[in-house]
Structures are given as C-alpha cells and as structure tokens.
Amino acid sequence: MNVSAQQLFATLPGEWRFSRVITGQGTASGLARFRPAGPGELHYREDGTLTLDTGYTGPAYREYRYRLDGEALQVCFPDGRIMHTLRPDAEAATHLCGADVYTGHYRLADPDTFHISYEVAGPHKDFTIATVFRRVTG
C-alpha cells in the first residue's frame, strides 16, 4: 500500500500484536503501542517475550519515538537520535551501528497490518529481522 508519511502516521496510533523472526537467533512476540506524545510525535513501546535459539526465553521491550517531519517520518531512539527517516519515495532506510548497517524496509499492507524488516550486515552482524504487526481490534 503506497501511502504518504502523514497517512502512515495517522494509521499507527493504537495497539498492535507483533510477531518477529530474527534469522539464526530467535523469535519475539507481544504487544506494541503507539501513543500520542505531543504534536507530530508518537511514543512507541513494545513488550513481549524473546526466545533465543540458545534456549533463553524471557521478557523484552523496546521504545522509539516516531516524528512526522513534512513528507517524512523519523523513527528515533528514546534519546531523540534518528535511527531511520522514512520517505514515501524511498525503497529503504539505512542506519549505521558502528561498522554494521541496518537497512530497514517498511510496508503498510492495509490499515490493520504492517511489516518492518531489517537486513543487518557488517563485520559484527549478519542477520535479518522480520516483524509483522496486526492491529488489536474490539
């Protein structure tokens, strides 16, 4: 679904179930919430269970800020540093983590389903992270 940054931003508020596969490392699932955090900003928090291929299973969470910036949507770390800037005309967004590169792909399948995937490559990392989000309804 090809949408503008404003349309995507307007779609995100609410609760979403997520399911994630981290190739060669494990899985995660749980609940993600997008809450208004001021004009043009959403607070993202996910809480779930991480299961690693090593046998570890335990709680996990992450937080981000999503900011609407004109024709772009900025995905920021909690301290405000920009991780990715999403533009409707761009195929992917990249983030450098030391010498490793995270290439993010964001796709809104429909108003109640979206996908985020990262290809992670570099001298220290080589895996993909694929997450499907489905809106919690009712």
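Everything quoted here is computed from the prediction, not taken from an experiment.

Cut-off values and rules
- Residues numbered from 1 in each chain as written.
- Predicted model: local features only at pLDDT ≥ 70, side-chain atom pairs only at ≥ 80, totals over all residues.
- Heavy atoms only, no water.
- Pairing = 2+ DSSP bridges.
- Helix = DSSP H or I, 4+ residues; strand = E, 2+ residues; numbered from the N terminus.
- Axes fitted to C-alpha atoms, helices over the stretch in contact; angles between N-to-C directions.
- Contact = heavy atoms within 4.5 Å.
- Phe/Tyr/Trp six-rings, centres within 6.5 Å; stacked < 30°, edge-to-face > 60°.
- Buried < 20%, exposed > 50% of the residue type's maximum accessible area, 1.4 Å probe, protein only.

Let's talk about the sheet that holds strand β2 (residues 26-36)
Sheet architecture is open: 10 strands sit in the order β6-β5-β4-β3-β2-β1-β10-β9-β8-β7, paired in antiparallel fashion. In this open sheet, the two strands that pair with only one neighbour each are β6 (82-86) and β7 (93-97). Going across the sheet, the axis of each strand differs from the next one's by a mean of 25 degrees, ignoring polarity. Where strand β9 (residues 113-121) meets strand β10 (residues 126-135), nine bridges bridge the pair, whose relative direction is antiparallel. Counterpart to His115 in the pairing with β10 is Val132.

Observations regarding the environment of Gly104
Positionally, Gly104 belongs in strand β8 (residues 100-110). Each C-alpha atom of the pair Gly104 and Glu91 lies 9.0 Å from the other, and the pair is 13 residues apart in sequence. With residues up to four places along the chain from it excluded, the contact list for Gly104 reads His84, Ala92, Ala93, Ser117 and Tyr118.

Thoughts on the packing of aromatic side chains
Using the criterion set out here, one finds 12 aromatic pairs in the structure. Between Trp16 and Phe114 the ring centres are 4.9 Å apart and the planes differ by 80 degrees, which places this aromatic pair in the edge-to-face class. Note that Trp16 is positioned in strand β1 (residues 14-22) and Phe114 in strand β9, a separation of 98 residues in sequence. Of the two residues, Trp16 and Phe114, both sit in the buried class. Taken together, a centroid distance of 6.2 Å and an interplanar angle of 50 degrees make the contact between Tyr64 and Phe77 tilted. Here Tyr64, found in strand β4 (residues 57-69), pairs with Phe77, found in the loop between β5 (72-76) and β6; they are 13 residues apart in sequence, far enough to count as distant.

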